[in-house]
Amino acid sequence: MKTLTKLKIFFIIAATSLVLSLLAFYYYKSESGQIIKEKHEFLDAVTNIKLEQIVKWRTERISDAEFFPTIGKIIKSTAELKANKNNKDAKQYFSSALKRFKDNGYFENVFITDVKGSILFSLDSSFNTIDQLRIEEIKYAVEKDSVIFGDFYFSQTNKTIHFNVVSIIKDNSGIPIGGYVQIVDPYKSLYPIIQSWP
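No experiment lies behind these values; they were computed from the predicted model shown. (Residues numbered from 1 in each chain as written. Predicted model: local features only at pLDDT ≥ 70, side-chain atom pairs only at ≥ 80, totals over all residues. Heavy atoms only, no water.)

Moving on, we get to a nonpolar patch on the surface. A surface patch of nonpolar side chains, amounting to about 440 Å² of accessible area, comprises Leu18, Leu22, Phe25 and Tyr26. Of the residues examined, Tyr26 reaches a relative accessible area of 55% and is grouped as exposed. (Patch = residues over 30% accessible without salt bridge, like charges linked within 9 Å, V, L, I, M, F, W, Y side chains within 5 Å. Areas by Shrake-Rupley, 256 points an atom, 1.4 Å probe, with all protein chains shown as cover. Salt bridge = Lys/Arg side-chain N within 4 Å of Asp/Glu carboxyl O. Buried < 20%, exposed > 50% of the residue type's maximum accessible area, 1.4 Å probe, protein only.)

Let us look at the pairing of strand S5 (residues 160–170). A regular strand carries its side chains on alternate faces of the sheet. When you tally the buried positions in S5, you get nine out of 11 residues, the bulk of the element. By the bridge criterion, two bridges tie strand S3 (residues 148–149) to S5 in an arrangement that is antiparallel. For Phe149, the partnering residue across the bridge sits in S5 and is Val165. Where S5 meets strand S6 (residues 176–184), eight bridges bridge the pair, whose relative direction is antiparallel. For Ile168, the partnering residue across the bridge sits in S6 and is Gly179. (Helix = DSSP H or I, 4+ residues; strand = E, 2+ residues; numbered from the N terminus. Pairing = 2+ DSSP bridges.)

With 13 residues, helix H4 (residues 132–144) should cover 18 Å at 1.5 Å per step; its first-to-last C-alpha distance of 18 Å lies within 8% of that length. Those residues of H4 that are buried lie in contact with strand S1 (107–113), S3, strand S4 (153–155), S5 and S6. N-capping of H4 is provided by Asp131, with a side-chain oxygen placed 3.0 Å from the backbone N of Leu133. Asp145 occupies a position one or two residues after H4 and carries a positive phi of about 55°. (Expected span 1.5 Å × (residues − 1). Contact = heavy atoms within 4.5 Å. Polar contact = N/O pair within 3.5 Å; in protein donor to acceptor, adjacent residues only side chain to side chain.)

Moving on to the nonpolar core. Counting 28 residues, the largest nonpolar core has Phe94, Leu98, Ile112, Ile169 and Tyr180 as the members making the most contacts within it. Where this core is concerned, the elements lending two or more residues are helix H1 (2–67), helix H2 (72–83), helix H3 (88–102), S1, strand S2 (119–122), S5, S6 and helix H5 (190–195). If near-sequence neighbours (up to four positions away) are discounted, Ile169 is found in contact with Pro69, Ile74, Ile75, Thr78, Ile112, Ile175, Pro176, Ile177, Gly178, Gly179 and Tyr180. Counting 13 residues, the second largest nonpolar core, distinct from the first, contains Ile138, Ile168, Val181 and Ile183. (Core = buried A, V, L, I, M, F, W, Y, C linked by side-chain atoms within 4.5 Å.)

We now examine the environment of Tyr191. In this structure, Tyr191 sits in helix H5. Between the C-alpha atoms of Tyr191 and Leu120, which are 71 residues apart in sequence, the distance is 30 Å.

Now for a negative patch on the surface. A surface patch of like charges, here negative, comprises Glu31, Glu38, Glu41 and Asp44. Position of Glu38 among the secondary structure elements: in helix H1. (Lys, Arg positive; Asp, Glu negative; His and termini not counted. Charge placed at Lys NZ, Arg CZ, Asp CG, Glu CD.)

Its location among the elements puts Ile54 in helix H1. Along the sequence, Ile54 and Leu190 sit 136 residues apart, while their C-alpha atoms lie 7.5 Å from each other.

This is how it looks when you write it as structure tokens:
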């Protein structure tokens, strides 16, 4: 009789332990699921904020690229440099106007080309050649009549990654006469947005 009682007690303890273990397991699963859900919602919110920041950053670059080529003096100076690459007045204007623009910190360099990609003026005087892929970007922007973001590339001069934002300079008749090219240093503006993600 005593043995049967001990056996009953054993089964009661075992059953109770099993029930408590199952309750603990389901509680753990429920809590961990809730925590994971909260973390996913947090990361989703952060992603949306970062996406908005990147879209805003891109919109600002496009806005800059669309605005500057429409300035009358930029159009006039580009035409003058096309006629004479040594035009001092045009070079002086570009030096002062583009330097103020570059000082915002987004760009490594800004330069002006003709529609075939030949450099007419560069803010960085040591920058005097561009590779064929960058020339193709300029030609593509002319063809599409639009601002384009070029591919990332490694700059042999600066030993770092850059990409170009290209827009078209048109004369008063709407005919393309040049390219307005901003060399962007992503380490200064784009990467910090991405790298600040949790």
